[in-house]
Amino acid sequence: MPTLGVNIDHVATVRQARMTNEPDPIWAATLAELGGADGITLHLREDRRHIQERDLHLLSQTVAVKLNLELACSKDVLAIACEARPYQATLVPERREEVTTEGGLDVAAQPERVKDAVAQLQDAGIVVSLFLDPDSAQIEAGVNAGASAIELHTGAYASASAKFSAEAERETLERMAREIHSAGLILHAGHGLTYRNVQPVADIPHMCELNIGHSIISRAIMVGLEQAVRDMKRLVT
Ligand code: PXP
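Report on the accompanying structure.

Here is what the cut-offs are and how they apply
Residues numbered from 1 in each chain as written. Predicted model: local features only at pLDDT ≥ 70, side-chain atom pairs only at ≥ 80, totals over all residues. Heavy atoms only, no water. 1 Å grid on protein atoms, 1.4 Å probe; cavity = no way out; pocket = protein on both sides within 12 Å on 5 of 7 lines; lining within 4 Å. Points joined across faces, edges and corners; volume = space filled by probe spheres on them. Helix = DSSP H or I, 4+ residues; strand = E, 2+ residues; numbered from the N terminus. Nonpolar A, V, L, I, M, F, W, Y, C, P; charged D, E, K, R; others polar. Salt bridge = Lys/Arg side-chain N within 4 Å of Asp/Glu carboxyl O. Buried < 20%, exposed > 50% of the residue type's maximum accessible area, 1.4 Å probe, protein only. Pairing = 2+ DSSP bridges. Axes fitted to C-alpha atoms, helices over the stretch in contact; angles between N-to-C directions. Phe/Tyr/Trp six-rings, centres within 6.5 Å; stacked < 30°, edge-to-face > 60°. Lys NZ or Arg CZ within 6 Å of the ring centre and 35° of its normal. Left-handed = near helix turned anticlockwise from the far one by under 90°. Contact = heavy atoms within 4.5 Å. Polar contact = N/O pair within 3.5 Å; in protein donor to acceptor, adjacent residues only side chain to side chain. Patch = residues over 30% accessible without salt bridge, like charges linked within 9 Å, V, L, I, M, F, W, Y side chains within 5 Å. Areas by Shrake-Rupley, 256 points an atom, 1.4 Å probe, with all protein chains shown as cover.

### Considerations on the layout of surface pockets
- Its boundaries defined by the atoms lining it, the second largest pocket holds a volume of some 350 Å³.
- Lining the second largest pocket are 15 residues, with Val 11, Pro 23, Ile 217, Ala 220 and Ile 221 positioned closest to its centre.
- The biggest single contributor to the lining of the second largest pocket is helix H10 (residues 214-223), with 5 residues.
- Here the residues of the lining of the second largest pocket are counted per class, giving 10 nonpolar, 4 polar and 1 charged.

The structure is reproduced here in structure tokens:
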């Protein structure tokens, strides 16, 4: 039964649209916890388009469940993470022009850089996860980088329109999940998951954690965040 990490970046996106102080992601984290979130996820991007350092520092002090910080393998943000010391850090790729995290981290292309980032975070006492495409070469490189967990990128599954191609993508996820589990790593998944497509991913054997943002925050606009989290939690557990 996977746990649910609620990504609150989109709350900060609305705030930054007006460069004001509302809505506050700190309030959102509290409401998500009340709705049953097992974790709060946030991405401190290098361009600071949504989450700010202030949010990370306050959330580090206030979140009672698992705090999961997504970050790129870059010097500045790694130093901030080591100082804030969230429970978990998930290394992701970052491109300024992307709308959201578009692909997994290419560990195979930069093994030393990722390995160093993993070691730096682990030395600060942080559990490290890598956000990877469901691809054997990436998973092997991720295992070699020394991380404790791998978050499988579910974007291809989520955007597959025909039923048969979604099933094929799910089978790929399940195969990669087996590889991750047999290598002794913890299995996470996320990206593009919604109330409609989440259950087959939640049912993948050994799935430990799902990180979901856009769909929950979208529903929250209609029904409130606590209710939106409660609805998602019911589907994944
Ligand atoms: N996991 C990771 C590593 C991500 O970068 C994101 C998007 O920020 C998510 C999960 C959540 O994706 P979504 O907002 O599509 O649910």
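### A word on the pattern of salt bridges
- Scanning the model with the defined rule gives 13 salt bridges in all.
- In this structure, Arg 54 engages Asp 24 in a salt bridge whose closest nitrogen and oxygen atoms are separated by 2.9 Å. In this pair, Arg 54 sits in helix H3 (residues 53-62) while Asp 24 sits in the loop between helix H1 (9-18) and helix H2 (25-34), placing the two residues 30 residues apart along the sequence.
- Looking at Arg 54, the relative accessible area reads 39%, which means it is partly exposed.
- When its relative accessible area of 15% is taken as the criterion, Asp 24 is described as buried.
- A salt bridge links Glu 174 to Arg 178; the nearest nitrogen and oxygen atoms lie 3.9 Å apart. Residue Glu 174 and its partner Arg 178 are located together in helix H8 (residues 163-182), separated by 4 residues, close to a single helical turn.
- You can call Arg 178 partly exposed: its relative accessible area is 47%.

### Overview of the sheet that holds strand S5 (residues 127-132)
- If you walk around this closed barrel you meet the 8 strands as S1-S2-S3-S4-S5-S6-S7-S8, and the pairing is parallel. The average angle at which neighbouring strand axes cross in this sheet is 25°, direction not considered.
- For strand S2 (residues 39-43) and strand S3 (residues 66-71), the ladder comprises 5 bridges, and the chain directions are parallel. Among the inter-strand pairings, Thr 41 is bridged to a residue of S3, identified as Asn 68.

### A word on empty space enclosed by the protein
- Here the structure, examined in full by the defined rule, presents 1 cavity of 30 Å³ or more.
- If you add up the space inside the largest cavity, you get close to 50 Å³.
- What lines the largest cavity is simply Thr 3, Leu 4, Gly 5, Asp 38, Gly 39, Ile 40, Thr 41, Lys 66, Asn 68, Glu 209 and Asn 211.
- Elements represented by at least two residues in the lining of the largest cavity include exactly strand S1 (3-7), S2, S3 and strand S8 (207-212).
- Per-class residue counts for the lining of the largest cavity are 2 nonpolar, 6 polar and 3 charged.

### Quick notes on the packing of aromatic side chains
- Inspection of every chain in the model, using the stated rule, returns 0 aromatic pairs.
- For the cation-ring pair, Arg 219 lies above Tyr 195, with the distance from its terminal atom to the ring centre recorded as 3.6 Å.

### Details of the packing of H2 against H3
- The contact between H2 and H3 brings their axes to 9 Å, and the two run at 35°. Of the two elements, H2 crosses H3, and the hand of that crossing is right-handed. Contacts from Pro 25, Ile 26, Ala 29 and Glu 33 of H2 reach H3 at Arg 54, Asp 55, Leu 58, Leu 59 and Thr 62.

### Remarks on the environment of His 10
- With respect to the secondary-structure elements, His 10 resides in helix H1.
- Overall, the relative accessible area of 29% leaves His 10 in the partly exposed class.
- Separated by 152 residues in the primary sequence, His 10 and Ala 162 have C-alpha atoms spaced 28 Å apart.
- When near neighbours in sequence (up to four residues on either side) are disregarded, His 10 contacts Gly 213, His 214 and Ile 217.

### Some remarks on the side chain of Asn 68
- The residue Asn 68 is located in strand S3 in this model.
- At 2.8 Å, the side chain of Asn 68 and the side chain of Thr 90 are in polar contact.
- Excluding anything up to four places from it in sequence, Asn 68 contacts Ile 40, Thr 41, Leu 42, Gln 88, Ala 89, Thr 90, Glu 209 and Asn 211.

### Section: a nonpolar patch on the surface
- A cluster of nonpolar side chains, contributed by Ile 221, Met 222 and Val 223, occupies part of the molecular surface with about 360 Å² of accessible area.
- Here Val 223 shows up in helix H10.

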